[in-house]
Structures are given as structure tokens and as C-alpha cells.
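# Close look at the chain arrangement
For reference, the chains in residue letters:
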Amino acid sequence: MIFFALFCYFALTVAALAIFLFPSFRDRVLRATISLSTATAVFLIKFGYRFGLVSEASFQLVRDGGLGVRTFAVRHRYLLLSGMGLLVVPVMLSVAFGTGRVLFFDDWATTGDPKIEALLKGEQLVPPPALPPEIFATAEVEQVRPLTKEGSRDWAVLDADFRNRLLLVYKIMKEKHGYDLALLEGYRSPERQAKLAALGNTVTLAKANQSYHQYGLAADNAFFRNGKLVISERDPWAMEGYRLYGEVAESVGLVWGGRWSFKDYGHVEYRKPGFKLPRD
């Protein structure tokens, strides 16, 4: 793709230099462009006239007006070429420097959503500091989420795109809503998935290799307050946080487990384009 873009940039650059440096070539290009556009317009009107879609008066007007347009364009060719240059040059520079966006028109290209803009700009966020292991091994945590202490909380093994989206959720939840999030578990091996599935459908409905966890595309998260994890759904503060967490996660393209019939409020996953989760 990049070679094609470079070839197009080179061809456009050579053509632009030829147009501005050689008047005879410039005139031929301009006349050819005008003739082609005029012929196309006449052909379309003629086609419409033949099938009764355009009146005879309209057909005559377009055919006769074509000569006037051609004369006007030739007479003002320098002005028209300058205008074309103002439109083409930013695009060529954008292709040449690989920005992926048209120079000088960034305000037009923005989505208006700072969350999505951060993703588009490739903002690299840093995972939060690791919490002490004992925080994940309390009786309260074990009661709500069995075997959490054995889970992987290594951000590095998560899919890069998913990791960046999830970190953006962390950032927004902290800065906008005042909630600190903690990663309970990210990547999960097939063996651990099978072990959790054996505990019953109140823990997980997915068997080994049937969860996005096995592919680094899912994570379970909870809130962290006053040195403790807050997971219980009976806590009004936590439930309001889960609601906001779900909204933020969905706004950056993640799927939230709180929408499922089997409610999993702390779970988010990324349905990565081109990836299909095995179901056998």
C-alpha cells in the first residue's frame, strides 16, 4: 500500500511540475480536461434526451453552452490551475509524509469525540502500577470471584489495540468520574478457563478456547477504593461506577458484559475486526 501511495505521489509531482514549467503541456492538459468533461456532460444529456428524460431545449442549451465553458476555462486557465494546486498539494504532502490525514484540514477531519480522537492519534497510555497480590486474595474477593488471586494481571500480554482502549477507559473513569479501576484478570489460559468452567455456570459459561480471554482480547476489572477492591453489586457506589464504566467502554468500541443476560459487570472484550472466536 505504501509503495502504491509513493508511486501516486511521484506521478502527481512529475505531472504538477510539467504543468507549471511547460506552458504548451499545461495548455494541452487543460484543453484535454475541458474537452473530456464537456464530452461527458453532452453524452449524459444526449442519453437522457434519447430516452425522453431531458427536453430538447435543455439538450441544446448544454451542447451550445459547452463551447462557452471551454472558452472561459482557457481564458482563465492560470486561475483555475492555481485553485487546483491549492486542493491537490495538501493531499500530496499528506501521502508523502504518511500522516494519514489531509494537511491544513485537521479541523474538518476530527470526530469531535476526544476519546475516539485519542485512539486515532495512537496515544500510548501507560498501565497503572501493580497492586499488592494480597489485595486479590481476600475472602470478599474470593466469594464474589473465585480463584481471582491466580489470574494474570500482565498488561503486556494483552492485544495492543485492546490494551490501549482499556487504558483509555481507565483514564476517563478516573479523570471524568473519579473512579479508580483495577485489573482483576486479563489473559487467561485454556487450562484456567476449563478450571473456572468446572465451577459452574455462575462463574463462566465459556469452555476452554471459547473466551476472548484466551486471545488477550478481554479483561475483568473492579473498582479500587481506600486500599480495597470493591466488587460487590450490592454497593450503590460500585453499581453506579459499573454503569458509567459500561458507557465509557462502549464509547471506545468495547463490548460490556453488563448488557448480557448473564450479567458480568466488570467484564469487557474487544471484538477485533477479522478475528472469529471458536465455538466448537
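In this report, we go over the structure that sits alongside the text.

Of regular secondary structure, the chain possesses ten helices and five strands. Of the roughly 17,400 Å² of accessible surface on the chain, 63% is carried by carbon and sulfur atoms.

Put simply, the largest pocket is a space of about 770 Å³. Forming the walls of the largest pocket are 36 residues, and the residues nearest its centre are Arg 145, Val 203, Thr 204, Phe 262 and Asp 264. Only β1 (181-185), α9 (190-197), β2 (218-225) and β5 (267-269) provide two or more residues apiece to the lining of the largest pocket. Looking at the lining of the largest pocket residue by residue, the classes come out as 14 nonpolar, eleven polar and eleven charged.

Attention now goes to the packing of aromatic side chains. Counted under the stated rule, the structure contains ten aromatic pairs. The residue whose ring lies beneath Arg 153 is Phe 136, and the NZ or CZ to ring-centre distance is 3.7 Å. Here Arg 225 stacks its cationic end above the ring of Trp 237, 4.1 Å away from the centre of that ring.

Inspection of the secondary structure assignment puts Thr 204 in the loop between α9 and β2. A polar contact is formed between the side chain of Thr 204 and the side chain of Gln 193, at a distance of 3.3 Å. Among the polar contacts made by the side chain of Thr 204, one reaches the main-chain amide nitrogen of Ala 206 at a distance of 3.2 Å. In this view, Thr 204 contacts Gln 193, Leu 196, Ala 197 and Phe 262; residues no more than four positions away in its chain are not counted.

Counting 41 residues, the largest nonpolar core has Phe 162, Val 169, Met 173, Phe 223, Tyr 242 and Tyr 245 as its most contacted members. Of all the elements in the fold, those that place two or more residues in this core are α8 (160-177), β1, β2, β3 (228-230) and α10 (236-251). The dominant element in this core, judged by the number of residues it contributes, is α8, at eight residues. When residues no more than four places from it in sequence are discounted, the contact partners of Phe 223 are Met 173, Tyr 179, Asp 180, Leu 181, Lys 228, Leu 229, Val 230, Trp 237, Ala 238, Gly 241, Tyr 242 and Tyr 245.

Before going further, it helps to examine unusual backbone geometry. A positive phi angle, near 65°, is found at Leu 147, a position not held by glycine. With respect to the helices and strands, Leu 147 occurs in the loop between α7 (139-144) and α8. The backbone of Asn 226 shows a phi angle near 55°, a positive value even though the residue is not glycine. Relative to the assigned elements, Asn 226 resides in the loop between β2 and β3.

The next point concerns the packing of α8 against α10. For any two helices packed against each other, one specifies the inter-axial angle together with the distance between the axes. At a minimum axis separation of 10 Å, α8 and α10 run at an interaxial angle of 130°. Accordingly, the angle class assigned to the pair α8 and α10 is oblique. Classified by chirality, the crossing of α10 by α8 is right-handed. When α8 is examined against α10, the residues Val 169, Ile 172, Met 173 and His 177 are found in contact with a partner set consisting of Gly 241, Leu 244, Tyr 245, Val 248 and Ala 249. Here the contact of α8 with α10 is composed, by residue class, of seven nonpolar, two polar and no charged.

Among the residues of α9, Arg 192, Gln 193 and Leu 196 are the ones counted as buried. Buried residues of α9 fall within an arc of 105° about the axis and therefore sit on the same side. Its buried side turned inward, α9 meets β1.

Moving on, we come to the pairing of β2. When you tally the buried positions in β2, you get six out of eight residues, the bulk of the element. As judged from the four bridges shared by β1 and β2, these two strands associate in the antiparallel manner. Looking at the pairing, Ala 182 lines up with Ala 222 of β2. Judged from the three bridges that link them, β2 and β5 form a sheet pairing that is antiparallel. Directly across from Asp 220, in β5, lies its bridge partner His 267. Judged from the three bridges that link them, β2 and β3 form a sheet pairing that is antiparallel. Bridged to Phe 223 within β3 is Val 230. In sequence, β2 turns back onto β3 through a hairpin of two residues, with Asn 226 there showing a positive phi of about 55°.

Calculation criteria
Within any chain, residue numbers begin from 1 and follow the written order of that chain's sequence. Restriction of local features to residues with pLDDT of at least 70 applies here, the model being predicted, together with a cutoff of 80 or more for giving and counting side-chain atom pairs; totals for whole chains, interfaces and linings are based on all residues. With hydrogens and water excluded, all non-hydrogen atoms of the structure serve as input to the side-chain values. Only DSSP runs of H or I covering at least 4 residues are called helices, and only runs of E covering at least 2 are called strands; the numbering of each starts at the N terminus. The method behind every accessible area is Shrake-Rupley, applied with a 1.4 Å probe, and residues are considered shielded solely by the protein chains displayed. With a 1 Å grid laid over protein atoms only, a set of points is called a cavity when a 1.4 Å probe fits there but cannot get out and a pocket when it is open yet has protein on both sides within 12 Å along at least five of seven lines; lining residues have an atom within 4 Å of a point. Grid points are joined across faces, edges and corners, and a volume is the space filled by probe spheres set on the points. Under the grouping applied here, Gly and all other residues not named as nonpolar or charged are polar, the nonpolar ones being Ala, Val, Leu, Ile, Met, Phe, Trp, Tyr, Cys and Pro and the charged ones Asp, Glu, Lys and Arg. Working definition: a ring pair exists when centres of Phe, Tyr or Trp rings (six-membered ring for Trp) sit within 6.5 Å. Plane angles under 30 degrees give stacked, over 60 give edge-to-face, the rest tilted. Whether a charge sits over a ring comes down to the Lys NZ or Arg CZ being within 6 Å of the ring centre and within 35 degrees of the ring normal. Contacts described as polar in this section are N or O atom pairs within 3.5 Å, which, within protein, must combine one atom able to donate a hydrogen with one able to accept it, while residues neighboring in sequence count only if both atoms come from side chains. Contact between two residues is taken to exist if any of their heavy atoms lie within 4.5 Å; hydrogens are not considered. Residues enter a nonpolar core if they are buried and are Ala, Val, Leu, Ile, Met, Phe, Trp, Tyr or Cys, with the set joined through side-chain atoms within 4.5 Å. Working definition: with a 1.4 Å probe on protein chains only, accessible area under 20% of the residue-type maximum means buried, over 50% means exposed, and in between means partly exposed. Between N-to-C directions, angles cover 0 to 180 degrees, with each direction set by a line fitted to C-alpha atoms, over the stretch in contact for helices. An angle below 35 degrees is treated as roughly parallel, one above 145 as roughly antiparallel, one from 65 to 115 as roughly perpendicular, and anything else as oblique. By convention, the crossing between two helices is left-handed when the near helix turns anticlockwise from the far helix through less than a right angle, and right-handed when the turn is clockwise. Here the arc refers to the directions that run from the helix axis out to each C-beta atom. Two strands form a pair only when DSSP identifies at least two bridges running between them.

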